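# Breakdown of the fold
Chain residues, written in single-letter form:
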Amino acid sequence: MTASKAIAAKPPQRRLRKEDRRRQLLETARLIVREEGVDRLTLGHLADRADISKPVVYDHFETRSKLLIELYRHIDVERVDTFRDAMVRDKRSLDETVRLLATTYIDCAAETDGEFQAVGAALTGSGDKTAVFHELLDNCVRMFISVLGPHASASHAEFERCCVGLVGAGEALSALLVRRSCSRGEAIETFAQLIGGILGPHPNSRWP
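Residues numbered from 1 in each chain as written. Predicted model: local features only at pLDDT ≥ 70, side-chain atom pairs only at ≥ 80, totals over all residues. Heavy atoms only, no water.

## Here's the deal with the overall build of the chain
- Across its full length, the chain holds 10 helices and zero strands.
- Helices and strands appear in the chain in the N-to-C order α-α-α-α-α-α-α-α-α-α.
- When burial is assessed residue by residue, the chain has 38% of its 208 residues classed as buried.
- The long-range fraction of contacts in the chain, counting pairs at least 24 apart against all pairs at least 6 apart in sequence, stands at 68%.
- When the accessible surface of the chain is summed, it comes to about 12,000 Å², and 53% of that surface belongs to carbon and sulfur atoms. (Helix = DSSP H or I, 4+ residues; strand = E, 2+ residues; numbered from the N terminus. Buried < 20%, exposed > 50% of the residue type's maximum accessible area, 1.4 Å probe, protein only. Contact = heavy atoms within 4.5 Å. Areas by Shrake-Rupley, 256 points an atom, 1.4 Å probe, with all protein chains shown as cover.)

## Some points on the pattern of salt bridges
- As enumerated under the stated definition, the model contains 22 salt bridges in all.
- Residue R40 pairs with E36 through a salt bridge whose shortest N-O separation is 3.2 Å.
- Residue R79 is joined to D76 by a salt bridge in which the shortest nitrogen-to-oxygen separation is 3.2 Å. Here R79 and its partner D76 are both found in helix α5 (residues 64-89), three residues apart, which amounts to about one turn of the helix.
- Judged by relative accessible area, R79 falls into the partly exposed class, the value being 24%. (Salt bridge = Lys/Arg side-chain N within 4 Å of Asp/Glu carboxyl O.)

## Considering the state of the cysteines
- The tally for this structure, following the rule as stated, stands at zero disulfides.
- In this structure C140 is not part of a disulfide, and its nearest cysteine sulfur, from C108, lies 7.5 Å away.
- Looking at C140, the relative accessible area reads 7%, which means it is buried.
- Distance from the sulfur of C163, which forms no disulfide, to the nearest cysteine sulfur (C162) is 7.0 Å.
- Overall, the relative accessible area of 0% leaves C163 in the buried class. (Disulfide = S-S within 2.5 Å.)

Printed below as a string of structure tokens:
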């Protein structure tokens, strides 16, 4: 078979919807970070790995900084949403729910390697990273509301404020763990106690 015939015989690449193409590019970018390191993640290299033209990649992300921001968001939203969906779908007791939520959140927030941390490090000093980080914390608050809501007795507004506080506490305890100021078990136990504390009875909307 001649080269021209081989090229002609190659099946045309299926055209993806824009949102599907964007998801494919983000997953390919994540694979690059995992396999080659974040420094290798450029728009040109992403186009090569995804086997598409560079203009298509630039149409989605414009700059490497925007690609990193979108990948940072994509990784975190995916893991938070996956955990929330599993927690809501599978029936667990209150104690099981509190323990699993505390353990998963501390382990996730204290993680110091992996694609999410590598991308975050590459964004150090970026104003966009700060804005996205606050957005991702809001997503965590919504996850806490979904997971703990069935066990809550406080009013909706009060419970939402409590979940904001829990996310802040989880971040602070995880920072202690990273600094080796407490053990993993201590961080999880403290966080579990805080979570359980807001789920008790609150007569007249006041904590016991």
